[in-house]
Amino acid sequence: MSENRKSPARPVSSSPWVIDTRELGRRPGSSKPVRRSAQAKYAIGLEGVIAIPAGADVELDVLLESVVEGVLVSGTASGPLAGECSRCLDPISDEVEVDITELFAYPDSATDETTDEDEVSRLVDDLVDLEPVVRDAVVLALPHVPLCSPDCAGLCAECGGKWAELEPDHRHETIDPRWAALQERIQQDRKS
């Protein structure tokens, strides 16, 4: 008497960053488009400088393709940016869109066996996690010195005023203390 048992269902992550690839199977050439929003759990980018803020929605538009060695994920990820100008400290808000192309190797594939852990992503229980891939792509795409405009003049080093808002003849004169007595004498002579 044979017993008809079903194998226990594998847990599927409920994270929108994780995509189940079981529908593709391991048939090279099969593909599946995926569009979804995923919320950033933490700031993605250069925190304190410019980043996709924690809690912001990141739009994923990718194509999963089954290839001999694994699943190739290609497409785009986009989201809002928030930060501050590195010259004048004004807030910056913008959008970022990055291209993604990542191979997730099948366990025990030639790619899996011949590459180091950090060289290629791996499928885990037929799931791909796009969060690290998007994070890496966003960090590489962001400017390390964000500016509110390319010609931002920044702040006056003496008074901290924003150069764009100061008068054209704004300046701070500092006199060498050794010449201060002479400066006073010249000003007295002008008044007389």
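Novice: Describe the layout of surface pockets, listing the residues and the values that go with them.
Specialist: Over the atoms, a rolling probe the size of a water molecule traces out where space has been left empty. Of the pockets and cavities examined, the largest pocket occupies roughly 170 Å³. Around the largest pocket, the lining comprises 10 residues; the ones closest to its centre are Phe-104, Arg-122, Val-124, Leu-127 and Asp-129. Within the residue set of the lining of the largest pocket, elements represented by two or more residues are β8 (121-122) and β9 (127-129). For the lining of the largest pocket, the element with the most residues is β9, which contributes 3 residues. A class-by-class count of the residues in the lining of the largest pocket yields 6 nonpolar, 1 polar and 3 charged.

Novice: Let's hear about the side chain of Thr-21: which residues, and what values?
Specialist: One can find Thr-21 in the loop between β1 (18-20) and β2 (31-39). Look at Thr-21 and you get buried, because its relative accessible area is 4%. Once residues within four sequence positions are removed from consideration, Thr-21 is found in contact with Leu-64, Val-71, Leu-123, Asp-126, Leu-127 and Val-128.

Novice: Before we move on, can you summarise the pairing of strand β6 (residues 70-84) with the specific residues and values?
Specialist: Note: strand β4 (residues 50-52) against β6, 2 bridges, orientation antiparallel. Of the residues in β6, the one forming a bridge with Ala-51 is Ala-82. Pairing of strand β5 (residues 57-67) with β6, which is carried by 9 bridges, proceeds in the antiparallel orientation. Residue Leu-60 lies in a different strand from β6, and its bridge partner there is Ala-77. Connecting β5 to the antiparallel partner β6 that follows it, the hairpin turn spans 2 residues. As paired elements, β6 and strand β7 (residues 91-105) share 15 bridges and run antiparallel to each other. Along β7, the bridge assignment pairs Leu-72 with Leu-103.

Novice: Lay out the nonpolar core with the relevant residues and their values.
Specialist: Among soluble globular proteins, nonpolar side chains are generally buried collectively. If you look at the biggest cluster of nonpolar residues, it comprises 35 residues, and the most contacted ones within it are Trp-17, Ile-52, Val-58, Leu-60, Leu-130 and Val-134. For this core, the elements supplying multiple residues, two or more each, are β2, β4, β5, β6, β7 and α2 (131-141). If one sorts the elements of this core by residue count, β7 sits on top with 5 residues.

Novice: Give a detailed account of the environment of Cys-148, specifying residues and quantitative values.
Specialist: Structurally, Cys-148 is set in the loop between α2 and α3 (180-191). A residue is classified by how much of its surface remains accessible, and Cys-148, at 38% relative accessible area, is partly exposed. C-alpha of Cys-148 to C-alpha of Ile-92: the two residues are 56 residues apart in sequence and 6.0 Å apart in space. Beyond its immediate chain neighbours, meaning those up to four positions away, Cys-148 contacts Cys-85, Cys-88 and Ile-92.

Novice: If you had to explain unusual backbone geometry to someone new, which residues and values would you point to?
Specialist: Despite not being glycine, Leu-89 shows a phi value in the positive range, around 70°. As for its placement among the helices and strands, Leu-89 is situated in the loop between β6 and β7. Of note in this structure, Asp-125 is not a glycine but carries a positive phi near 55°. Here Asp-125 lies in the loop between β8 and β9.

Novice: Let's hear about the confidence of the model for the protein: which residues, and what values?
Specialist: Taken over all residues, the pLDDT of the protein has a mean of 82, while the share at 70 or more is 87%. Contacts for the low-pLDDT stretch residues 1-12, under 50 throughout, to residues beyond four places or in other chains number 7 contacts.

How each quantity is defined
Residues numbered from 1 in each chain as written. Predicted model: local features only at pLDDT ≥ 70, side-chain atom pairs only at ≥ 80, totals over all residues. Heavy atoms only, no water. 1 Å grid on protein atoms, 1.4 Å probe; cavity = no way out; pocket = protein on both sides within 12 Å on 5 of 7 lines; lining within 4 Å. Points joined across faces, edges and corners; volume = space filled by probe spheres on them. Helix = DSSP H or I, 4+ residues; strand = E, 2+ residues; numbered from the N terminus. Nonpolar A, V, L, I, M, F, W, Y, C, P; charged D, E, K, R; others polar. Buried < 20%, exposed > 50% of the residue type's maximum accessible area, 1.4 Å probe, protein only. Contact = heavy atoms within 4.5 Å. Pairing = 2+ DSSP bridges. Core = buried A, V, L, I, M, F, W, Y, C linked by side-chain atoms within 4.5 Å. pLDDT = per-residue confidence, 0-100.

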